[in-house]
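Per-entry structural report
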Amino acid sequence: LLLSVSHGQAMAQAYPNKPVKIIVPFAAGGPADNYARFIAQRLAEVLGQPFVVDDKPGAGSVIGTDVAAKSAPDGYTLLMMSNTHTVNETLIPVKPFQLMRDFVAVAPVNYSDLVLVAHPSLKANNLKEVIALAAKNPGKLNYASSGPGTPYHMAGELFKSMAGVFLVHIPYRGSSGARTDVIGGQVDLMFDAVTTMAEQVRAGKVKAIATSGRQRSDVMPDVPTLNEAGVPGYEATIWLGIMAPVGTPRDNPSIQRHPP
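The model shown is predicted, which means the values in this text are computed figures rather than measured ones.

Helix and strand counts for the protein chain stand at 11 helices and 9 strands. Dimensions along the principal axes, computed over C-alpha positions, put the protein chain at roughly 65 × 40 × 30 Å. Relative to its full complement of 260 residues, the protein chain shows a buried share of 53%. Working note: accessible area of the protein chain is about 11,400 Å², and carbon and sulfur atoms make up 55% of it. Taking the 22 positively charged and 20 negatively charged side chains of the protein chain as two groups, their mean positions are separated by 4 Å.

Printed below as a string of C-alpha cells:
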C-alpha cells in the first residue's frame, strides 16, 4: 500500500487533500485494528494528511462493511477487510452488499497463522489432551470467537470436524471481548492470531496448545502445529487487505491494479 501511494510529489499533492478514513469492521485491539493503525500512521507520514481508523464492529463485519460500501467512491474511505468477508459471501448470502460487486481491491496487508490457546485452569496442556478431554465431555468445553464467519470461528469449526469432537461455540461482537473472557477464564479455548496472542502466552495469561499453519510459527517456534500434534492436514489462517468502494478512480494513487 505504501508503494502504491508513493509515486512522487505531484501525485501526493493531488491526493489526499483532506483526512482519509479507514473503516475497520472489527473490534478495537484485534489484528485488523492493529494493522490499520500501523498503516494509517505511515500513510499519514508519507502523504501529509491524517488517516483515521474508524472501528465499526458487529454482525461478523457486515455493519462496518455496509457503511464502507455506501461511502463516496473518492478514495477518502477505505475498508480493512479479511477472509471473514470472503467466507460471508456464502455464509451470509443475504446482506446489503456484495464484496466483489461493491468494492475494488487496493492491496494485501498481511497473512498470519492462528494459535489455539486455553485458560491456564483447563486440565489439558497439549492438543492430544484437549481432544481427549473434549471427547470425554462432549458439549462441556467451549471456544470463543469474534463472531460467525470470522477466521477464529471457521478455525474452531474446522478443528471440531477434523478432530471429531464437539465444542460449544461462543460468538462475541469482536475479538477483544472473546480474548478477554478466555484470559479471564469465562471461556475455555480460543483460536486467535499468533501476532495478537503471543504476548498473552508469554505472560502466562493463557497457554498455547498449537498453531494452525503447515509449519511452526516464527513468532512461537516452540509451539507445535495442529498438523504435527494430532490433527493431520489441519491448516487455518487469517489474512487482511485494503479495499475501496467501487467506482473509486483508478488514477487515484490509493488504488493499485493488483488484487489481494
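Anyway, onward from the coordinates.
On to the environment of V109. Along the chain, V109 turns up in strand β4 (residues 103-118). Along the primary structure V109 and P249 are separated by 140 residues, whereas in three dimensions their C-alpha atoms are 21 Å apart. When residues no more than four places from it in sequence are discounted, the contact partners of V109 are Y35, I39, M80, L240, G241 and I242.

For helix α8 (residues 151-163), spanning 13 residues, the distance from its first C-alpha to its last is 18 Å, which sits close to the expected 18 Å at 1.5 Å a residue. Taken as a whole, α8 has its buried residues at P151, Y152, H153, A155, G156, F159, K160 and A163. In the segment just after α8, G164 is the residue with positive phi, at about 70°.

Rules of the game
Residues numbered from 1 in each chain as written. Predicted model: local features only at pLDDT ≥ 70, side-chain atom pairs only at ≥ 80, totals over all residues. Heavy atoms only, no water. Helix = DSSP H or I, 4+ residues; strand = E, 2+ residues; numbered from the N terminus. Buried < 20%, exposed > 50% of the residue type's maximum accessible area, 1.4 Å probe, protein only. Areas by Shrake-Rupley, 256 points an atom, 1.4 Å probe, with all protein chains shown as cover. Lys, Arg positive; Asp, Glu negative; His and termini not counted. Charge placed at Lys NZ, Arg CZ, Asp CG, Glu CD. Contact = heavy atoms within 4.5 Å. Expected span 1.5 Å × (residues − 1).

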